[in-house]
Amino acid sequence: MDITTIIPIILTLLLIIGVGYFARRYNILSQESVQGISKFVLYVSLPALILVSSTSQKYNQSEIDLFCLLVVASAIYYLISIIISLSIPRLIRSKQSDAGIYRFILVFPSAVFFAFPLIELLFGKSSIFYAAIFNLPYFILTFSLGIWLMVSPLKNDVHVKLSPRRIFLNFAFLATLIGLLMYFTSTIIPQPLFNTLDLLGKMATPLALIVTGAYLFEVEIIPLLRNARHYCIAIARLLLLPLLVFAVLKYIPDVMGFSSMPNIVLAIAVIIASMPAAVQTVIIAAEYNANPKTASEIILVTTLLAAITIPAVFLSSRCTGAGVYPKESFTLYSFFLDK
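Residues numbered from 1 in each chain as written. Predicted model: local features only at pLDDT ≥ 70, side-chain atom pairs only at ≥ 80, totals over all residues. Heavy atoms only, no water.

## As for the overall build of the chain
For step 1, the next point in the chain: For the chain, the count of helices and strands is 17 helices and 0 strands.
For step 2, the next point in the chain: Taken across its 339 residues, the chain has 54% of its residues classed as buried.
For step 3, the next point in the chain: Approximately 15000 Å² of the chain is accessible, and the part contributed by carbon and sulfur atoms is 66%. (Helix = DSSP H or I, 4+ residues; strand = E, 2+ residues; numbered from the N terminus. Buried < 20%, exposed > 50% of the residue type's maximum accessible area, 1.4 Å probe, protein only. Areas by Shrake-Rupley, 256 points an atom, 1.4 Å probe, with all protein chains shown as cover.)

## So, the nonpolar core
For step 1, the next point in the chain: Of all hydrophobic cores here, the largest spans 115 residues; its most connected members are L70, L118, L249 and I268.
For step 2, the next point in the chain: When residues of this core are assigned to their parent elements, the largest contribution, 11 residues, is made by helix 3 (residues 63-91).
For step 3, the next point in the chain: In contact with L70, not counting residues within four places along its chain, are Y130, I133, F134, V265 and I268. (Core = buried A, V, L, I, M, F, W, Y, C linked by side-chain atoms within 4.5 Å. Contact = heavy atoms within 4.5 Å.)

## Quick look at the packing of aromatic side chains
For step 1, the next point in the chain: Overall, the coordinates contain 14 aromatic pairs when judged by the stated rule.
For step 2, the next point in the chain: Plain terms: the ring middles of F67 and F129 are 5.8 Å apart, the flat faces sit at 80° to each other, and that makes the pair edge-to-face. In this pair, F67 sits in helix 3 while F129 sits in helix 6 (residues 127-134), placing the two residues 62 residues apart along the sequence. The exposure classification of F67 matches that of F129, with both residues buried.
For step 3, the next point in the chain: Each ring, one from Y77 and one from Y78, has its centre 4.8 Å from the other, and the planes form 75°; the classification is edge-to-face.
For step 4, the next point in the chain: Among the aromatic residues, those joined into a ring-pair cluster are Y77, Y78, F104, F108, F134 and Y138.
For step 5, the next point in the chain: R25 extends its terminal NZ or CZ atom over the ring of Y26, reaching a point 5.0 Å from the ring centre. (Phe/Tyr/Trp six-rings, centres within 6.5 Å; stacked < 30°, edge-to-face > 60°. Lys NZ or Arg CZ within 6 Å of the ring centre and 35° of its normal.)

## Concerning the side chain of T281
For step 1, the next point in the chain: Locating T281 in the fold gives a position in helix 15 (residues 280-287).
For step 2, the next point in the chain: What makes T281 buried here is its relative accessible area of 0%.
For step 3, the next point in the chain: A distance of 2.7 Å separates a polar atom in the side chain of T281 from the backbone oxygen of A278.
For step 4, the next point in the chain: In this view, T281 contacts F104, I105, M150, A295 and I299; residues no more than four positions away in its chain are not counted. (Polar contact = N/O pair within 3.5 Å; in protein donor to acceptor, adjacent residues only side chain to side chain.)

## Section: helix 3
For step 1, the next point in the chain: Across its 29 residues, helix 3 extends 41 Å between first and last C-alpha, which sits within 8% of the 42 Å expected from 1.5 Å per residue.
For step 2, the next point in the chain: Backbone geometry just after helix 3 places R93 at a positive phi near 55°. (Expected span 1.5 Å × (residues − 1).)

## Observations regarding the packing of helix 3 against helix 6
For step 1, the next point in the chain: Across the interface, helix 3 lies against helix 6 with an axial gap of 8 Å and an inter-helix angle of 45°. Judged by the inter-axis angle, helix 3 sits oblique to helix 6. Residues E63, L66, F67, L70, V71, A73, S74 and Y77 of helix 3 touch helix 6, and the partners they reach there are F129, Y130, I133 and F134.
For step 2, the next point in the chain: Classifying every residue of the contact of helix 3 with helix 6 gives 10 nonpolar, 1 polar and 1 charged. (Axes fitted to C-alpha atoms, helices over the stretch in contact; angles between N-to-C directions. Parallel < 35°, antiparallel > 145°, perpendicular 65-115°, else oblique. Nonpolar A, V, L, I, M, F, W, Y, C, P; charged D, E, K, R; others polar.)

## A few points about the side chain of S81
For step 1, the next point in the chain: Relative to the helices and strands, S81 resides in helix 3.
For step 2, the next point in the chain: Residues in contact with S81, not counting those within four places in the same chain, are L106, V107 and L241.

## Here we look at the pattern of salt bridges
For step 1, the next point in the chain: The full count for this structure, using the stated rule, is 1 salt bridge.
For step 2, the next point in the chain: D198 is the partner of K202 in a salt bridge, and the nearest nitrogen-oxygen pair spans 3.5 Å. You can see K202 and its partner D198 sitting in helix 11 (residues 191-202), 4 residues apart, about one turn around the helix.
For step 3, the next point in the chain: For D198, a relative accessible area of 13% corresponds to the buried category. (Salt bridge = Lys/Arg side-chain N within 4 Å of Asp/Glu carboxyl O.)

## Structural notes on the confidence of the model for the chain
For step 1, the next point in the chain: With 83% of its residues at a pLDDT of 70 or more, the chain shows a mean pLDDT of 79.
For step 2, the next point in the chain: Scored below 50 in pLDDT, residues 319-339 makes 59 contacts in the model with residues more than four places away or belonging to other chains. (pLDDT = per-residue confidence, 0-100.)

## Points about the packing of helix 6 against helix 14 (residues 263-273)
For step 1, the next point in the chain: Between helix 6 and helix 14, the shortest axis-to-axis distance is 10 Å and the interhelical angle comes to 65°. In the packing of helix 6 onto helix 14, the handedness of the crossing is right-handed. Between helix 6, through S127, Y130, A131 and F134, and helix 14, the contact on the second element is made entirely by I264, I268, A269 and I272.
For step 2, the next point in the chain: Considering only residue class, the contact of helix 6 with helix 14 consists of 7 nonpolar, 1 polar and no charged. (Left-handed = near helix turned anticlockwise from the far one by under 90°.)

Right, here's the structure in full:
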């Protein structure tokens, strides 16, 4: 897959984001309706997409190792991102009011609203199931570790309630667990129900991107030009993290004693690591009075820069092949690794 393939896909995603922006700009979508669509994606459309993708392929014993590697890769990503989130804000001497937002953004990318649509377009519907397995910690950590990272630098005496129900009973997390159970038991969804879930799942990508664009409308442009720290965080989020994640995952097989990391695992890990800030950062920041204005600014900066950085990631790599499993090597930043 070369740069002439990835650029049209990125432009397609950005154009749909633009539709959401102008729909909010001209009040076709109200603030309340945007929040409603966001909940619909998280509670209905995305779980439906995960369930459909989990049953789109037959159980294969050899894929047990693949699932385990996805979990390992995910753990490595979060370990790297947490270390980065605790160090970069200090290095750039960020304001105390912004540090929590920076930390959250460096750990939690826009997996649901940007990475999943991109992965589906690149590798097909069945790849969403793999992405969901990789993303299992995301569904758990967002409302536990994520809230702590965001609130802990503040001095506003915010009392954080970490509800186990909220952490573990979110729909995307449950859909992934149910999907795994259905996959391993070769459960077949009745055709009418499958068709319903399939149609609902197909709505996830455009609706997620429209919601992203609608949220970007709320951001003021002028303050962005005056805050260099935002751009430092954006570079760490969009370039430094995928570089580090790939470098570690490329060589972790030697340490663990197996031949090589499957291409699809590398692809999913690097794509998610290179995503812009998550839209839900604003929602959580507003709920805990943790500077939602800064969150909105960072989301806009990282989303706009992602139009350049994501193709750059693919330009410096080779990700070729068809379907879910690329046939040739996925070599991110080959100029760095070949040295």
